[in-house]
Amino acid sequence: MRIKRWESGLSESEVTPEAVYRDRRRLMKAGLAVAGAALAGVGSPARARLVLGEVHPGAYGTDEEKTPLKDVTSYNNFYEFGTSKSDPAEYAGRLKTDPWSVSIEGECARPGRHALEDLIRPHPLEERIYRLRCVEGWSMVIPWIGFPLGDLIRRFEPTSKAKYVEFETLLDKQQMPGQRRRVLDWPYVEGLRMDEALHPLTILAVGLYGQVLPNQNGAPLRLVVPWKYGFKSIKSIVRIRFRETQPTTAWMKASPREYGFYSNVNPEVPHPRWSQKRERRIGEFRKRRTLMFNGYAEEVASLYSGMDLKKYF
Ligand SMILES: Nc1nc2c(c(=O)[nH]1)N[C@H]1C(S)=C(S)[C@@H](COP(=O)(O)O)O[C@H]1N2
Ligand SMILES: [Mo]
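Conventions used here
- Residues numbered from 1 in each chain as written.
- Chains lettered and ligands numbered in written order.
- Predicted model: local features only at pLDDT ≥ 70, side-chain atom pairs only at ≥ 80, totals over all residues.
- Heavy atoms only, no water.
- Helix = DSSP H or I, 4+ residues; strand = E, 2+ residues; numbered from the N terminus.
- Pairing = 2+ DSSP bridges.
- Axes fitted to C-alpha atoms, helices over the stretch in contact; angles between N-to-C directions.
- Salt bridge = Lys/Arg side-chain N within 4 Å of Asp/Glu carboxyl O.
- Buried < 20%, exposed > 50% of the residue type's maximum accessible area, 1.4 Å probe, protein only.
- Near = heavy atom within 4 Å.
- Polar contact = N/O pair within 3.5 Å; in protein donor to acceptor, adjacent residues only side chain to side chain.
- 1 Å grid on protein atoms, 1.4 Å probe; cavity = no way out; pocket = protein on both sides within 12 Å on 5 of 7 lines; lining within 4 Å.
- Sits in = over half its atoms within 2 Å of the grid points.
- Nonpolar A, V, L, I, M, F, W, Y, C, P; charged D, E, K, R; others polar.
- Patch = residues over 30% accessible without salt bridge, like charges linked within 9 Å, V, L, I, M, F, W, Y side chains within 5 Å.
- Areas by Shrake-Rupley, 256 points an atom, 1.4 Å probe, with all protein chains shown as cover.
- Lys, Arg positive; Asp, Glu negative; His and termini not counted.
- Charge placed at Lys NZ, Arg CZ, Asp CG, Glu CD.
- Contact = heavy atoms within 4.5 Å.
- Points joined across faces, edges and corners; volume = space filled by probe spheres on them.

Asks: Tell me what's going on with the environment of Glu117, and back it up with residues and numbers.
Replies: With respect to the helices and strands, Glu117 occurs in helix α4 (residues 116-120). Sequence spacing of Glu117 and Leu50 is 67 residues, and the spatial spacing of their C-alpha atoms is 7.6 Å.

Asks: Please provide a residue-by-residue account of the sheet that holds strand β6 (residues 164-169), values included.
Replies: Across a sheet, paired strands are connected by hydrogen bonds in the backbone, their directions being either parallel or antiparallel. Pairing is mixed across the open sheet formed by five strands, whose spatial order is β3-β2-β11-β6-β7. This sheet does not close on itself; its edge strands, each paired only once, are β3 (112-115) and β7 (189-193). The sheet shows a mean angle of 20 degrees between the axes of neighbouring strands, taken without regard to direction. Pairing geometry for strand β2 (residues 101-106) and strand β11 (residues 237-243), over four bridges, is parallel. Within the sheet, the bridge partner assigned to Glu105 lies in β11 and is Arg241.

Asks: Could you give an account of the pattern of salt bridges, with specific residues and numbers?
Replies: The tally for this structure, following the rule as stated, stands at 23 salt bridges. In this structure, Glu166 and Arg241 form a salt bridge, with 2.2 Å as the shortest nitrogen-oxygen distance. Within this pair, whereas Glu166 is found in strand β6, its partner Arg241 is found in strand β11, the two being separated by 75 residues in sequence. For Glu166, a relative accessible area of 7% gives the class buried. The partly exposed category is assigned to Arg241, whose relative accessible area is 22%. Two residues, Arg243 and Glu166, come together in a salt bridge whose shortest N-O distance is 3.1 Å. Here Arg243, found in strand β11, pairs with Glu166, found in strand β6; they are 77 residues apart in sequence, far enough to count as distant. On the basis of relative accessible area, Arg243 is assigned to the partly exposed category, the value being 22%.

Asks: I'd like a rundown of unusual backbone geometry, residues and numbers included.
Replies: Cis peptide bonds are those with omega within 30 degrees of zero, and the linkage from Asp98 to Pro99 qualifies with 5 degrees. For Pro99, the location among the structural elements is in the loop between α3 (87-91) and β2. Within the chain, Ser236 stands out as a residue other than glycine whose phi angle is a positive 45 degrees. Structurally, Ser236 can be placed in the loop between β10 (222-224) and β11. Residue Ser236 is classed as buried on the basis of its relative accessible area, which comes to 0%. The backbone of Phe293 sits at a positive phi, close to 50 degrees, despite the residue not being glycine. Looking at the secondary structure, you find Phe293 in the loop between β13 (288-289) and α8 (297-300). For Phe293, a relative accessible area of 4% puts it in the buried group.

Asks: I'd love a proper account of the site of ligand 1, names of residues and values included.
Replies: In the vicinity of ligand 1 lie 16 residues, with Asn76, Tyr79, Glu80, Arg222 and Lys235 positioned nearest. Within the side chain of Asn217, a nitrogen or oxygen atom sits 3.0 Å from an oxygen atom of ligand 1. At a threshold of 2 Å from the grid points, most atoms of ligand 1 map onto the largest pocket. A breakdown of the residues in the shell around ligand 1 according to their chemical character gives seven nonpolar, six polar and three charged.

Asks: Go over a positive patch on the surface with me, naming the residues and quoting the values.
Replies: Together, Arg278, Arg280, Arg286, Lys287 and Arg289 give the surface a local cluster of positive charge. When you line up the elements, Lys287 lands in the loop between β12 (278-281) and β13. Judged by relative accessible area, Lys287 falls into the partly exposed class, the value being 48%.

Asks: Before we move on, could you go through the pairing of β11 and cite the residues and values that matter?
Replies: In the sheet, β6 pairs with β11 via six bridges, with the strands oriented antiparallel. Residue pairing in the sheet places Tyr164 in a bridge with Arg243 of β11.

Asks: For the environment of Val300, give the residues involved together with the corresponding values.
Replies: Inspection of the secondary structure assignment puts Val300 in helix α8. We classify Val300 as buried; its relative accessible area is 0%. Along the backbone, Val300 and Glu196 are 104 residues apart, and their C-alpha atoms lie at a distance of 8.5 Å. In this structure Val300 touches His199, Leu201, Trp227 and Phe293, once residues within four positions along its chain are discounted.

Asks: Report on the layout of surface pockets, specifying residues and quantitative values.
Replies: Reported here for the largest pocket is a volume of approximately 470 Å³. For the largest pocket, the lining is made up of 29 residues, of which Asn77, Trp138, Gly230, Phe231 and Lys235 are closest to its centre. Mapped onto the lining of the largest pocket, the elements with two or more residues apiece are β4 (125-133) and β5 (138-148). Of the residues forming the lining of the largest pocket, the biggest block, four residues, is contributed by β5.

Next up, the structure:
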């Protein structure tokens, strides 16, 4: 079945996001293509036009219990909207995610600016249920909808000089009131080494729980790198740049002692303020042991063979 993936002017649906999600799971189990509209962000006025059509069950994912949607969308870090966990849900509604474009720059054969829809359209969407752990010591399990970053990277034909990929979030004080305070040197910048960016676990997410991304979770396009601390998973991306040299990320600039470039989840390397040995899964009381590479060691450990991970933290 062929389904049109992108439409404009989707009207509000009566169905709750959870109901859509359950239905989607049922259809995916039945091995059918999943049609129909996904709902836009819970109660956000500047709703995205993005419509997710077919979503395939992902190649990777955990079967651990998912964090409830309510927690996923109300307990967030998105400093562009304030530094408390409830600020993003309260203020990110004013972010206008349509129209949206992303600039592809640097060491590649095909640089240029692209409308979000054109950037995403060629890629089949998958659901990937990933753990994501914040360096502050909490974690969630989220059913993301997205596609491998590597597939997008290959389309733009990076040159042999492209050793790293740098990402930038939107810079706009009007829409992002948290940028009026110099908590970070805005815009938010993140980066990956090319092999990390091409790793099949690394995705660009456009949705979660069967709906387009709520603004507080990084609409309309964000990175998800599940074996690294949450802050590497940059939200609301407007620029992707191929570079020969290692990018300096916003967190490295703010506090180089605390935040290294790699920031792999590693229970053996404490953050100066927080041990990384344990974590609290949101919704649970007893703490869990934090696993090396957030439990993705089998998939990613080889990327770092021979590297001293205490030095390259
Ligand atoms: N642009 C931007 N991206 C960001 C952040 C931010 O403040 N700004 N916070 C990061 C941190 S610290 C975490 S833990 C995750 C949280 O993602 P979530 O709110 O979707 O769970 O987003 C990351 N991406
Ligand atoms: Mo975080």
